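Next come the chains, spelled out residue by residue.
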Amino acid sequence: MAQCDCGATAGPLGVCADYYNTILAEEQLDPEMYRWHAVVVCVYLLQHPSRGHERHLDGQFRWLQFYLDRGIDAVLRLREHQVARNNHRSRAGYDMAPLEPYAPLPAGGPPARFRTSFCELPYGDGGFVLDGHAAYGERMRALAEATEEAWKRLGPGS
């Protein structure tokens, strides 16, 4: 059985990248599912840092903590705020102040394993929202919690 670079055993759809790409495709057709896009991206890249850019991992880790602390509606408001500030007419750039209170990415990562991974997400008729958007949101929260927990076990931030 194939194993993902995050330590998870491949699921019915394959390794985590297969799940991630399928989620991204489904999000494009489902605005309610898209609400968790930032969470999905942060979790995936923090569980698979070789797929992203090292310089962004700290910010992604802080976004994840912000989500776990404040919830999806706060993430959506912050995302709207960031998009407005990054508008080419504004030239203000990103506002990192809302993320400053959160712990920096711990050094010595990535963790070898996570309590839960994309490979364990249920998939069926209706895709990833087979049992509704609320259940999908709870699974995204569980992934985010497992990701934060594994990174924080490494020790203090860099």
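Residues numbered from 1 in each chain as written. Predicted model: local features only at pLDDT ≥ 70, side-chain atom pairs only at ≥ 80, totals over all residues. Heavy atoms only, no water.

S.K.: Would you mind going over the environment of D18 in detail, with residue names and values included?
M.R.: Its place among the elements puts D18 in helix α1 (residues 16–27). Here the alpha-carbon distance between D18 and C119, two residues 101 residues apart in the chain, equals 8.5 Å. (Helix = DSSP H or I, 4+ residues; strand = E, 2+ residues; numbered from the N terminus.)

S.K.: Break down unusual backbone geometry for me, with residues and values.
M.R.: Note the cis peptide between G109 and P110, where omega equals 5 degrees. For P110, the location among the structural elements is in the loop between α5 (72–85) and α6 (133–152).

S.K.: Could you give an account of the nonpolar core, with specific residues and numbers?
M.R.: The biggest cluster of nonpolar side chains holds 46 residues, and the ones touching the most others in it are I23, V39, Y67, F118, L121, Y136 and M140. Per-element tally for this core: the top contributor is helix α3 (residues 37–47), with nine residues. Filtering out sequence-adjacent residues up to four positions away, F118 remains in contact with C16, Y19, I23, V40, V43, Y44, Q47 and L143. (Core = buried A, V, L, I, M, F, W, Y, C linked by side-chain atoms within 4.5 Å. Buried < 20%, exposed > 50% of the residue type's maximum accessible area, 1.4 Å probe, protein only. Contact = heavy atoms within 4.5 Å.)

S.K.: Report on the environment of R55, specifying residues and quantitative values.
M.R.: Tracing the sequence through the fold places R55 in helix α4 (residues 54–70). Sequence-wise, R55 and T116 are 61 residues apart; in three dimensions their C-alpha atoms are separated by 25 Å. A distance of 3.4 Å separates polar atoms of two side chains, one belonging to R55 and the other to H56. (Polar contact = N/O pair within 3.5 Å; in protein donor to acceptor, adjacent residues only side chain to side chain.)

S.K.: Break down the state of the cysteines for me, with residues and values.
M.R.: By the definition in use, this model includes zero disulfides. Counting only cysteine sulfurs, C16 is the nearest neighbor of C4, a cysteine outside any disulfide, at a range of 3.7 Å. We classify C4 as buried; its relative accessible area is 9%. As a non-bridged cysteine, C119 has C16 as the owner of its nearest cysteine sulfur, 3.4 Å distant. Classification of C119 by relative accessible area gives buried; the value is 5%. (Disulfide = S-S within 2.5 Å.)

S.K.: Report on α3, specifying residues and quantitative values.
M.R.: For α3, a buried count of 10 out of 11 residues is recorded, marking the element as mostly surrounded by other parts of the structure. Within the span of α3, buried status applies to A38, V39, V40, V41, C42, V43, Y44, L45, L46 and Q47.

S.K.: So what's going on with the pattern of salt bridges? Residues and values would help.
M.R.: Taken as a whole, this structure holds nine salt bridges when the rule is applied. Where R35 meets D73, a salt bridge forms, and the shortest distance between an N and an O atom there is 2.7 Å. With R35 in the loop between α2 (31–34) and α3 and D73 in helix α5, this residue pair connects regions lying 38 residues apart in the sequence. Residue classification places R35 among the partly exposed positions, given a relative accessible area of 23%. Here E149 makes a salt bridge to R115, at a shortest N to O gap of 3.2 Å. Of this pair, E149 sits in helix α6 while R115 is found in the loop between α5 and α6, placing the two residues 34 residues apart along the sequence. Assessed through its relative accessible area of 46%, R115 is described here as partly exposed. Here the salt bridges share partners, and the residues they tie into one network are E32, R35 and D73. (Salt bridge = Lys/Arg side-chain N within 4 Å of Asp/Glu carboxyl O.)

Keep in mind that these numbers describe shape and distance, not what the molecule does.
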